[in-house]
Amino acid sequence: MAADSEPESEVFEITDFTTASEWERFISKVEEVLNDWKLIGNSLGKPLEKGIFTSGTWEEKSDEISFADFKFSVTHHYLVQEFTDKEGKDELLEVVIILNYEFMIAPAAHSDAVLSESKCNLLLSSVSIALGNTGCQVPLFVQIHHKWRRMYVGECQGPGVRTDFEMVHLRKVPNQYTHLSGLLDIFKSKIGCPLTPLPPVSIAIRFTYVLQDWQQYFWPQQPPDIDALVGGEVGGLEFGKLPFGACEDPISELHLATTWPHLTEGIIVDNDVYSDLDPLQAPHWSVRVRKADNPQCLLGDFVTEFFKICRRKESTDEILGRSTFEEEGREVADISHALSKLTEPAPVPIHKLSVSNMVHTAKKKIRKHRGVEESPLNNDVLNTILLFLFPDAASERPLDGTTTSTDNNPASESEDYNLYNQFKSAPSDSLTYKLALCLCMINFYHGGLKGVAHLWQEFVLEMRFRWENNFLIPGLASGPPDLRCCLLHQKLQMLNCCIERKKARDEGKKTSTSDNVTNTYSGDAGKTGDQLGPDNLKDTDKEKGEVGKSWDSWSDSEEEFFECLSDTEELKGNGQESGKKGGPKETANLKPEGRLYQHGNLMLLHNGEPLYIPITQEPAPMTEDLLEEQSEVLAKLGTSAEGAHLRARMQSACLLSDMESFKAANPGCCLEDFVRWYSPRDYIEEEVIDEKGNMVLKGELSARMKIPSNMWVEAWETAKPIPARRQRRLFDDTREAEKVLHYLAIQKPADLARHLLPCVVHAAVLKVKEEETLENISSVKKIIKQIISHSSKVLHFPSPEDKKLEEIIHQITNVEALIARARSLKAKFGTEKCEQEEEKEDLERFVSCLLEQPEVLVTGAGRGHAGRIIHKLFVNAQRLTESSDEAAAMAPPEEELKRLGSPEERRQNLVSDFPPPAGREFILRTTVPRPAPYSKALPQRMYSVLTKEDFRLAGAFSSDTSFF
C-alpha cells in the first residue's frame with residue numbers, strides 16, 4: 001500500500017511562461033507614459049535658436065512608475081516655444097550636441113539609489129526596448145548612484161542611429177587628465193575610430209577665473225556712527241531722513257569666463273609642461289557676479305525692527321514702570337474728571353511757547369522716580385526730537401493760529417506727495433509722518449522699545465499741553481479729518497479742530513471784553529480775520545461770523561453746553577417763542593439775527609424782503625472710527641417704520657440747526673425760502689401766464705418735499721428762530737478733545753506701530769525712489785511700481801496680515817540691495833572717472849546688464865575698455881596676494897601695470913596676471929563612422945569640467961544601426 005501511494009504524493013510545479021515578469025511590466029509602464037505624453041514617433045520640430053536653452057522657458061511634468069516594489073519618478077522636461085505659424089510645445093531634440101535631458105527616470109525616494117552595475121544595465125535595457133517599441137526619438141536618461149553626484153546614463157534612438165549617453169564623475173582630477181592632451185587621448189580611445197588618420201577634433205575651451213579680493217577698493221557705504229550725539233544729527237543721520245545702503249559689500253565675487261570657441265587639435269598646445277591658453281588672448285570674455293547672500297541693509301533693518309514692535313504686548317506703563325507716570329495716568333484716565341473741570345471758571349493765559357515748555361512734566365517725573373542716567377532718552381535727544389516735531393517751539397513770538405509747514409516739501413500736485421492716498425498713511429510734510437520716522441530712529445538707535453514708549457508719552461503730554469493752552473498743532477492740514485489718512489493722523493486733525501474752536505471762543509471773549517461796541521457782520525468779519533489769520537478764515541468762515549459778536553450775547557454763565565430751553569425768558573422777551581407755531585406774519589416783526597450776507601437778488605416769497613444767508617454751525621468733523629460707530633448705531637435701529645423715523649431724526653440734527661439759523665436771519669420766511677437756498681433743485685420754477693396775460697415765474701416744492709410726514713416739513717415746523725450762536729453746539733470740542741487725548745494715552749507701543757507702519761512704508765518707498773533716480777536702473781523702477789501697487793492693496797485694510805506686511809518689507813529690502821549692488825559695481829568699474837562720454841555710457845550699460853542678466857559678454861574681450869578694467873582688478877588682487885610689500889600693495893593699478901611691463905614680460909618674470917582657473921571646461925567634437933569603417937559618419941561629442949574638487953566627463957557617442 002505504501003508503495004502504491006508514493007506516485008500519488010508527487011507534486012509537479014508548472015511554470016507559466018506566458019505571464020509577464022516584473023521587468024516586462026516595467027517596460028510596459030514606460031511605454032504607457034511615453035504614449036500618454038505623446039512622445040512616440042517622429043517629433044522633429046523647427047531648428048532651435050541660439051541661446052534658447054538658457055533664455056527660454058522650461059517646463060516639466062512628472063509621473064510615477066514602479067519596478068516591483070522600487071518606485072521611480074518619471075519626468076519630462078521640455079522647452080516652451082511660441083511660433084507664429086504653429087501652436088504647441090516643441091521638445092528639445094538636438095540630442096547629438098546638447099546634453100540637456102528631456103525624459104528622465106530617477107528613484108522616487110531621495111534616499112534610494114541605483115548603485116549596482118547590474119541594476120544600471122537592467123534599467124538601460126528597459127529604456128532601450130521601450131524606445132524601440134514606441135519609436136520615441138526623445139532622449140531618455142536614467143539617474144544612477146547617489147543623487148548628489150548628478151550622474152546620468154541614457155539613450156536616444158533615431159532612424160538608423162543610436163546615441164549613447166555616458167558619464168564619469170571623480171572627486172579628484174587624475175594628473176594625466178588635467179590638460180587638453182590627456183582629454184584628447186580619452187576621447188579618441190572612446191570613439192575607437194578605425195580610420196587612419198583620424199579626422200581632426202574640434203575643440204571649445206572655457207576657463208573661469210574668480211576674483212574675491214576687493215581690498216583695494218573700499219566699500220563706499222559708511223556705517224552709521226551710533227555713538228554720535230545729536231546737534232542736528234543722530235547716528236550720522238538727520239531726523240526725518242531714513243538711512244540707506246548696505247553695511248557690507250553686496251558683491252562677493254566676480255567670475256570671468258575666457259572662451260576659445262573654435263580651435264582645432266593641431267593649432268593649440270596645452271599639456272603638463274606648456275600651454276598656449278592665455279586669458280588675455282581669448283577671443284571671448286564674459287562676466288557674471290556673485291551676490292552676497294542677504295546683505296545687511298540699513299533701510300531694511302530700520303523698517304524690520306520697527307515692524308517687530310507690532311508683535312509686542314506690553315503697555316507703555318509696563319515698559320516704563322507704572323509709578324513713573326502714575327500722576328499723569330490719573331489725570332488722563334478719567335475723562336469725567338476732566339469734564340468736571342469745565343464748570344470751573346479758570347481762564348488759561350496765552351503766553352509764549354518755548355523749548356522749556358515743551359520738555360516739561362514727563363521728564364521731571366522720570367527724574368523723580370529714577371536717576372537721569374536710567375531714562376530711556378537723554379535730554380539732548382529728546383529736545384532735538386521735540387524741536388523737529390514742533391518747530392514752532394523755537395519761535396519767540398506767540399502763535400498766530402496758522403499751522404507751520406516745513407520748507408522744501410514736494411509739490412502737493414506731485415505723484416510722490418499724493419502717495420499717502422494709496423498707502424493710507426499721512427502727507428510727507430505732516431506731523432504724523434515725522435513722528436513715525438522719529439520713532440523708527442529712536443527704536444533703532446536710542447533705547448529701543450523703552451525709547452519709543454518714552455517719546456510717545458512725551459508726545460501725548462505735549463498734545464494735552466497744546467489743548468489746554470490753545471496752541472495749534474503744527475504740521476497738520478486745517479479742516480476736518482482726512483479719511484484718506486491713517487487713523488492716528490485723523491485723531492490729531494480732530495484735536496486740532498477742537499483747539500481751533502476753543503481758541504476762537506477764547507479770542508472772541510477777549511475781544512468782547514475790550515470792545516463792547518456791536519458792529520455789523522462785515523466789520524466784524526474783518527476784525528476776526530485779523531485775529532485768527534488767513535488759514536482759519538478760509539476754513540471756518542461760517543463760525544467766524546460770530547466770533548466778533550459780543551460775548552454777553554452768547555450766555556450769561558460759563559456753561560458751554562447750550563440748552564435751547566434754558567433761554568425761555570429771553571426768547572419770550574424777543575418774541576421768538578411764537579415762531580414755533582406762528583406763521584410768517586407772526587414772525588415778521590422779529591429782529592433778524594445771525595446774518596452772514598445777502599443771497600444775490602433772491603427775495604422772501606411772502607414779504608418781499610431780501611433773503612439773507614445765515615451764520616450756521618459747522619458740521620461736526622468725524623474720524624473713520626466715529627463714522628463706523630455711528631453706522632453701527634443707525635444699523636441697530638432696524639428696518640421698521642419707527643426705526644427708520646428715529647434714524648432720520650438722528651441724521652437731521654444739522655438740518656434742524658440750519659433751519660433755526662435761517663429763521664432767525666430771515667423773519668417771515670417759509671419752507672420754500674429755505675429750500676431755495678439750501679436745496680435749489682427741490683424748488684421747481686415754471687413760466688406761467690397770470691390773469692393779466694403777463695408771463696411770470698411760479699414756483700413750487702418738488703414731489704419729494706410734498707410727501708406726507710416729510711422730514712423736512714417736520715423739522716421746519718419744529719425749528720425755532722434761534723441764531724447759531726445760541727444753539728446747542730453740534731460739535732462739542734471739549735468732549736471730543738478729551739476723547740482724542742484719552743485715545744492717545746491708552747495706545748500701546750504695538751498699537752502705535754500698527755498705526756504708523758503705513759507712514760514708515762511710505763517713507764521707505766520715497767527713499768528708495770529718491771536713491772533710484774541717482775542710479776537710473778530700469779529694472780528697479782518696475783519693482784518700485786510693483787511695491788506701490790502691492791502696498792496700496794495691503795495697507796488699505798484696517799488690520800493687514802503680518803505675512804503680507806513682511807512681504808512688502810522684504811521687497812523694499814531687495815530693492816535696496818539691488819541699488820547697493822549697482823553702486824558697488826559702479827565704484828569698482830569707475831564709471832564716474834571716465835573722461836570720455838562714450839566710454840562712460842558703455843560702462844554704465846555694462847554694469848546695468850550685470851545686474852539684470854546672469855552673464856554678460858565683454859565687448860572687445862581683454863582689449864575693450866571694460867576688459868582692461870577687469871584685467872586691472874585681477875592684477876591688483878594678484879599683487880596683494882603675492883607681494884609681501886604693503887607699500888607696493890597700495891600703489892595705483894596703472895603704475896603697477898607699467899612697473900611690471902607688458903604681458904609677455906610678466907610671463908617671462910613668472911608674474912601671473914590671473915590666479916589659477918577655478919574651473920576649466922572642454923568640449924571635444926568630431927564626426928567619424930562607428931562602429932565600422934563603412935558605417936555612416938556620425939557626430940561624437942565629449943564634455944569635461946575640471947574644478948578643484950570635481951572631475952566630470954559626459955559623452956554622447958553615436959553609432960550606425962543600419963551598417964554595423
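What counts and how
Residues numbered from 1 in each chain as written. Predicted model: local features only at pLDDT ≥ 70, side-chain atom pairs only at ≥ 80, totals over all residues. Heavy atoms only, no water. Helix = DSSP H or I, 4+ residues; strand = E, 2+ residues; numbered from the N terminus. Buried < 20%, exposed > 50% of the residue type's maximum accessible area, 1.4 Å probe, protein only. Contact = heavy atoms within 4.5 Å. Pairing = 2+ DSSP bridges. Patch = residues over 30% accessible without salt bridge, like charges linked within 9 Å, V, L, I, M, F, W, Y side chains within 5 Å. Areas by Shrake-Rupley, 256 points an atom, 1.4 Å probe, with all protein chains shown as cover. Salt bridge = Lys/Arg side-chain N within 4 Å of Asp/Glu carboxyl O. Lys, Arg positive; Asp, Glu negative; His and termini not counted. Charge placed at Lys NZ, Arg CZ, Asp CG, Glu CD. Axes fitted to C-alpha atoms, helices over the stretch in contact; angles between N-to-C directions. Parallel < 35°, antiparallel > 145°, perpendicular 65-115°, else oblique. Left-handed = near helix turned anticlockwise from the far one by under 90°. Nonpolar A, V, L, I, M, F, W, Y, C, P; charged D, E, K, R; others polar.

Caption draft 1: Summary view of the overall build of the protein. When helices and strands are tallied, the protein shows 34 helices and 17 strands. For the protein, the residues scored as buried account for 48% of the 964 residues in total. Taking the contacts inside the protein whose residues are at least 6 apart along the sequence as the reference set, 73% of them involve residues at least 24 apart.

Caption draft 2: Geometry of the pairing of strand β10 (residues 595-603). By the bridge criterion, 4 bridges tie β10 to strand β11 (residues 610-614) in an arrangement that is antiparallel. Bridge pairing links M603 to P610 in β11. In this antiparallel pair of consecutive strands, β10 and β11, the connection spans 6 residues, and G608 shows a positive phi of 75°.

Caption draft 3: Just a negative patch on the surface, in detail. Taken together, the side chains of E32, D36, D63 and E64 present a region of like negative charge at the surface. If you list the elements that add at least two residues to the negative patch, you get α2 (22-36) and β1 (57-67). Of note, E32 is situated in helix α2.

Caption draft 4: Highlighting the packing of helix α14 (residues 431-445) against helix α15 (residues 448-468). At a minimum axis separation of 8 Å, α14 and α15 run at an interaxial angle of 150°. In terms of their interaxial angle, α14 and α15 are classed as roughly antiparallel. Once α14 is placed against α15, the crossing between them reads as right-handed. Packed against α14, whose contacting residues are L431, L435, C438, L439, I442 and N443, the element α15 presents G448, L449, G451, V452, L455, W456, F459 and M463 at the interface. For the contact of α14 with α15, the residue count by class is 11 nonpolar, 3 polar and no charged.

Caption draft 5: A nonpolar patch on the surface, seen in detail. On the surface, V269, V273 and Y274 cluster together into a nonpolar patch covering about 320 Å² of accessible area. Position of V273 among the secondary structure elements: in the loop between β8 (251-264) and β9 (284-291).

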